[in-house]
Amino acid sequence: MIEKLEQIRLEALEKLQQAKEEAEIDEIMGSVLGKKGKLTEILKTMGTLDKEKRAALGQASNAVKKELEEKIAQSKAKVAEAMLERKFAQEAIDVTEPGKQVLPVGRLHPMTQTYRQIRDALVGMGFTTFEGPEVELDDFNFTKLNLPPDHPARDMQDTFYINDKVVLRTHTSPVEARALMELKPPFRLVIPGRVFRVDEVDATHSPVFMQMEGLVVDKNITLADLKGTIDTFVHAVFGDEVKTRFRPSYFPFTEPSAEVDISCTICGGKGCRVCKNTGWIEILGCGITNPHEIENCGLDPKEWKAFAFGIGVDRVANLKYGITDIRLLYDNDARFLKQF
Amino acid sequence: MKLPRKWLEEYVDFNVTNEQFVEKMMWRGFEIAEVIDEMPGVSNVVVCEIKSMDKHPNADKLKVCQVDIGEEELLQIVTAATNVFVGAQVPVALDGAHLADGMEIKKTKMRGEASFGMFCGSEELGISEADYKGAGNDGVLILNEKHPNGQKIQEALGLDSVIFDIELTPNRADCQSIIGICREAAAALGQKFKEPEIKKIEGVGNVDDYASVTILNEELCPRYTARVVTDLKIEESPDWLKKKLRSVGMRPINNIVDITNLVLVEYGHPMHAFDLACIDGKKIVVRNAIEGEKVTTLDGKEREVTPDMLLIADAKKGVGIAGVMGGENSEITENTKAVLFESAVFKGSNIRQTTRKLHHVTDAAARFIKGVEPVNAQVALDRAIELVDMLHAGNVIGGTIDVCYANTDKKIINVDWNHVNNITSLELTPEQMVEMLETINIHSKVDGEYLKVEVPHYRVDIEDGIESDWDIAEEIARIYGYYNIKPTLMQGDTLCGKLGENFRDEDDIKDFMVSMGAYEMYNYNFTGPQELDALLIDKDSEKRQNVKILNPFGEEQSLMRTTLVSGMLKSLALNLNKKTGHGRFFELANVHFDNNDTLPEERKMLGIIYSGQNEDFFTMKGSIEQLLNYLGIKGYRFNVGGSEYLQPGQKAVITLGDDVIGEMGTVHPKVLKSFDVPQKAFYAELSFKMLVEHRDMHKTYKAIPKYPVVPRDIAVVVDNDVQSQTLVDVISSTKANGVIIEDVRLFDVYRGIGIPSGMKSMAYSFTLRAEDRTLTDDEIKNAMNSIIKSLKYKANAELRS
């Protein structure tokens, strides 16, 4: 009987070895361990044996049963693994085929991106956003800012007129006047918006463009504070390696006034076409707010000092991204917009 | 403002390089835009001496010369010139030289003989007789004096200097003159400016016998000075004068005109010369023009003048438009025997208005607009008379006519020097300030807390008033050097920086549109009547209430837009026609309505445009719904309606209670055609104000449902004209014993076999749940029955069998 048992064991093990499908294994299992299985048949004969033999056969057959059960489990696992591999092979895909883009990726306009960068740097320095109308009173756009009617410096900004009292604002500075009249100092404001000048469209001119104004009003504001503020945000926008240069200049609404250059972002200051070989690029105008403006807006210029600066967002965007034609900013060509 | 370096050198010791000068002037607030060579474009041209000259073996008209350019070996030059001779010194352009006309010279072979350069005439060098004696002759330029061979031609001709082109700021009208700018240049170079002394010419006789001046409008003409010169000799000016005028780009005319022009350049004060014989009654009257009066100006144009314009007149007629241009009737001619030199002050703002009305700005007018001052008027007149005397141009009559209403007293201002330190963040002593101001010829002295500053007459930009401290602070900062001021960070109360609410909403809305795959546009704010017509906008529509620009580029850019659609359609057309591969765009910008208030109504709008194979009304609507949901706006409805540029039957107005949030729809095919858009497009315009107003910013946490939701579908058959929204409303509002009915969504519409004609089947999905329990089968069944009943009862919708 023991020999027969061994024979069943070996036969089953060999079959298991060769089994490829789960069904085969089940069949083997049935043929050995099932109700009519060979091992079961042997166990059925046990009753006819004497006690000793019965014990020996019982032990031996249990061992075989246990071994076979383990082997069956192993074989099943192996077959399952092999099946999974076959399935993977069948389902293999070309990973280099393009992905499915359910929605296109949208883009913010480079001007918006630039504006946000400057703005966020200023907000970090305690500035708050503020805005005013695009169609503006001549009084706010010019007169209150120390530019009375027929002041020669009015010719610095060619103006679109709606009537003799109303203009398309030529800069964001009228909002300064509005803020000075509306808000209680001290305050620090950043004022973005569209502005308009009678400039025929070409590579460097646009009748509509975007400006940002900074205005700080406090008791002890100095030229050195203005320098420090501008240095800080220029570095935030253009990087720490960029140098700034403050040159004396003139604006009717500030005194002393300055124009600020940064070391050329294209050539790093060595000189190139963009910076006309000077190594410097002008990015903004600024100064200590003219006392006439402070007074015109109802504050005492001896008590309240202010400084202001105005940045062309278009210009900064162009410098940042190396855009050489301002018209691209208003063409809205997707091939341009998707680059940012 | 052109400043020839040679002219500057008359006043200062130019001991720096041009580059250094440019930088020094920059730090003083004078930007030099360009440094222009006196012989622009010419390079690598040198002096050579012709040592031998032989006939060309193969060409009768050519000569082969050996020339000395100061090197060991002679150079061979082949020439066709006929005026050259052995021993002559001439300019030779060497290999690689550039000439005034842009031509580049290369060594070459001429009929078999090598030529290593080319002899130059004055034309090639870009010079004239005024630049160099003999330059007016034809042929090669023969040098007049002996020069070292090989010397640069610029040096040999004395044209090796440069002209600085300076960009002046409008506050420094005084620097629009050689004297003024040299004063600043001297200070920039750390030198004392030697103010030129003008010799006062007394003259003989009495000017009152020759002319008189009356000012009838002293506000517009605060000073009028004049002198008379008789026995005129009108002739060409001497070379030095012509050269000077040419060097600043002026054309010499004759000695009298040239004198006034030179004074304009030197002192920045415009003058005028009248032929005294043409002045009726020997009387100059400065008066406003009379209604309907006409003046023919020097350029031969008859100009209508209006009563707000100031004229120079005589006893009978206008002889010039004050400060703008003289009259033809009193012009200096070859026959002029006696002349009246006018040096007056006219009010800049009035001149500005006059030039605007006449559409004519002259050099003189430009100066008056920038501002001239009364003391300088006298200085200029003295200088002109000195020049008349120097040039022996005529007989100077004694005495000066001077009608002066202007204040010519010395202007002394008090400046709080502590305040100057405060503004500039410097810690200077008042004595240091006095010393610094002295370098720009501003005399001052310390008087306790104040500086008593004597403002030079030409510094009209320095004010006696609240601005004084700031004016002097600016001078001090400029002299101290902006670069020397150490940057600091602001002191004082720390302020909390933040984005204003509108700015945050703007960011959120833009970011959301980007997440919908849209690109952001910036379009111009202008539109025109044709464009409004192309948009099919009704004549009486609010969208025709455009703000009109008085001075537009043209009719089609003469209005401020009332809708973003036209700009967006144009940009979409560009993208589709250039096949850029993108069809989703948005713009957030202002539109303006003229509502008869002083300022127009400004509305910020969100425009959205979609176009492409996968786009339709509902992809656009989906984006809008998602935007509104994202902003937490609830209870909005889409109702039939919308603007004329949208297609009837495919447009909707989006409302929330009584508020209109915006509209959307398919763009009208006629509009697409007008705007050259080759395919269907879908457009929406939403009010930023409404989006912000209804935005839910006060979100509070609501518990996530604890009990399971039960998804259910239902399909009903209704009349074709029943709107989906009606059925959604019926389903969601069904009362079913505490069962919550949510997320009602249409998922299928079917017309056809099995459905009676004129009817449609509408299938909805929704969820059922209860707040406090798991729904039982019975509860679900009852809820479904309630829904079916209310659909039937309220919408005449039959359950589809």
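The rules we used
- Residues numbered from 1 in each chain as written.
- Chains lettered and ligands numbered in written order.
- Predicted model: local features only at pLDDT ≥ 70, side-chain atom pairs only at ≥ 80, totals over all residues.
- Heavy atoms only, no water.
- Helix = DSSP H or I, 4+ residues; strand = E, 2+ residues; numbered from the N terminus.
- Rg over C-alpha atoms; globule rule 2.2 N^0.38 Å.
- Contact = heavy atoms within 4.5 Å.
- Areas by Shrake-Rupley, 256 points an atom, 1.4 Å probe, with all protein chains shown as cover.
- Buried area = accessible area lost by both parts, 1.4 Å probe.
- Salt bridge = Lys/Arg side-chain N within 4 Å of Asp/Glu carboxyl O.
- Polar contact = N/O pair within 3.5 Å; in protein donor to acceptor, adjacent residues only side chain to side chain.
- Nonpolar A, V, L, I, M, F, W, Y, C, P; charged D, E, K, R; others polar.
- Buried < 20%, exposed > 50% of the residue type's maximum accessible area, 1.4 Å probe, protein only.
- Pairing = 2+ DSSP bridges.
- pLDDT = per-residue confidence, 0-100.
- Domains from an automatic or database assignment.
- Axes fitted to C-alpha atoms, helices over the stretch in contact; angles between N-to-C directions.
- Phe/Tyr/Trp six-rings, centres within 6.5 Å; stacked < 30°, edge-to-face > 60°.
- Lys NZ or Arg CZ within 6 Å of the ring centre and 35° of its normal.
- Parallel < 35°, antiparallel > 145°, perpendicular 65-115°, else oblique.
- Left-handed = near helix turned anticlockwise from the far one by under 90°.

Trainee: What's the story with the overall build of chain A in this structure? I'm lost.
Mentor: Within chain A one finds 12 helices and 9 strands. A compact globule built from 340 residues should have a C-alpha radius of gyration of about 20 Å, whereas chain A, at 42 Å, is more than 25% larger. By its C-alpha atoms, chain A is 130 × 45 × 45 Å across when sized along the principal axes. The long-range fraction of contacts in chain A, counting pairs at least 24 apart against all pairs at least 6 apart in sequence, stands at 66%. For chain A, the computed accessible surface area is about 15,800 Å², with 52% contributed by carbon and sulfur atoms.

Trainee: Please explain the interface of chain B and chain A as it appears in this structure.
Mentor: Often, the extent of an interface is quoted as the loss of accessible area on bringing the components together. Each side of the interface is counted separately: chain B has 92 residues, and chain A has 97 residues. Summed over both partners, the interface of chain B with chain A comes to about 7,900 Å²; 59% of that surface belongs to carbon and sulfur atoms. The interface formed by chain B and chain A includes 8 salt bridges. E131 of chain A is the salt-bridge partner of K604 of chain B, the closest N and O atoms lying 3.4 Å from each other. Across the chain B-chain A interface, the total number found is 40 residue pairs in polar contact (both at pLDDT 80 or more). Split into classes, the residues belonging to the side of chain B that touches chain A amount to 39 nonpolar, 27 polar and 26 charged.

Trainee: Please explain the pairing of strand β33 (residues 659-667) of chain B as it appears in this structure.
Mentor: Each regular strand displays side chains that alternate between the two surfaces of the sheet. All names here are of chain B. Burial of β33 is extensive: 7 of the 9 residues sit out of reach of the surface. As paired strands, strand β32 (residues 646-656) and β33 are joined by 7 bridges and run antiparallel to one another. Residue pairing for β33: I654 is matched across the bridge by G662. Count of turn residues in the β32/β33 antiparallel hairpin: 2 residues, of which G657 carries a positive phi of about 60°. Relative to strand β34 (residues 682-687), β33 is paired through 5 bridges, and the arrangement is antiparallel. Counted as the bridge partner of M664 is A684 from β34.

Trainee: What's the story with the confidence of the model for chain A in this structure? I'm lost.
Mentor: Note: predicted coordinates in regions of low pLDDT should not be interpreted at a detailed level. Chain-level statistics for chain A give a pLDDT mean of 90 and a share of 100% at 70 or above. Mean pLDDT values over the elements of chain A span from 81, in helix α3 (residues 38-44) of chain A, up to 97, in strand β2 (residues 135-137) of chain A.

Trainee: I'm lost on the domain arrangement of chain B in this one. Help?
Mentor: Taken domain by domain, chain B consists of domain 1 (2-38 + 162-188), domain 2 (43-156), domain 3 (207-404), domain 4 (411-481), domain 5 (501-693) and domain 6 (710-799). When each unit is reduced to the centre of its C-alpha atoms, the spacing between domain 4 of chain B and domain 6 of chain B is 85 Å.

Trainee: How do you make sense of the sheet that holds strand β35 (residues 710-719) of chain B when you look at a structure like this?
Mentor: Neighbouring strands of a sheet are bound in pairs by backbone hydrogen bonds; such pairs are parallel or else antiparallel. Residue and element names in this part refer to chain B. Pairing is antiparallel across the open sheet formed by 4 strands, whose spatial order is β36-β37-β35-β38. Each edge of the open sheet carries a strand with a single partner, namely β36 (740-750) and β38 (798-799). In the sheet, β35 pairs with β38 via 2 bridges, with the strands oriented antiparallel. Following the sheet pairing, V716 is matched in β38 by L799. Strand contacts of helix α20 (residues 724-733): β35, β36 and β37 (759-769), with the helix running at about 30° to β37, the strand carrying the most contacts. Its contacts with the sheet place helix α21 (residues 777-795) against β35, β36, β37 and β38, and it is angled at close to 20° to β35.

Trainee: Would you mind going over the packing of aromatic side chains with me for this structure?
Mentor: The description of an aromatic ring pair uses the distance of the two centres, along with the angle that the planes make with each other. For the structure shown, the criterion picks out 21 aromatic pairs over all chains. One aromatic cluster is present, formed by F160, F196 and Y330 of chain A together with Y524, F526 and F553 of chain B through successive ring pairs. Sitting above the plane of the Y321 of chain A ring, K320 of chain A keeps its charged end 5.9 Å from the centroid. K621 of chain B extends its terminal NZ or CZ atom over the ring of F638 of chain B, reaching a point 4.5 Å from the ring centre.

Trainee: How do you make sense of the packing of α20 of chain B against α21 of chain B when you look at a structure like this?
Mentor: Any two packed helices are characterised by how steeply their axes cross, that is the angle between the axes, and by the distance between the axes. All names here are of chain B. Orientation of α20 relative to α21, taken along the N-to-C sense of each, is 135°, at an axis distance of 9 Å. Between α20 and α21, the angle is such that the two are oblique. Our pair here, α20 against α21, has a crossing hand that is right-handed. Across the interface between the two elements, L727, V730, I731 and S733 from α20 touch I787, S790, L791, K794 and A795 from α21.

Trainee: Explanation requested: the sheet that holds strand β6 (residues 89-98) of chain B in the structure shown.
Mentor: Residues and elements named next belong to chain B. Spatially, β5-β4-β3-β6-β9 is the arrangement adopted by the 5 strands of the open sheet, whose pairing is antiparallel. Lying at the two open borders of the sheet, with one neighbouring strand each, are β5 (75-79) and β9 (117-119). Strand-to-strand twist across the sheet, computed as the mean angle between neighbouring axes with direction ignored, equals 45°. Note that strand β3 (residues 43-56) and strand β4 (residues 59-68) share 7 bridges and pair antiparallel. Counterpart to K55 in the pairing with β4 is K63.

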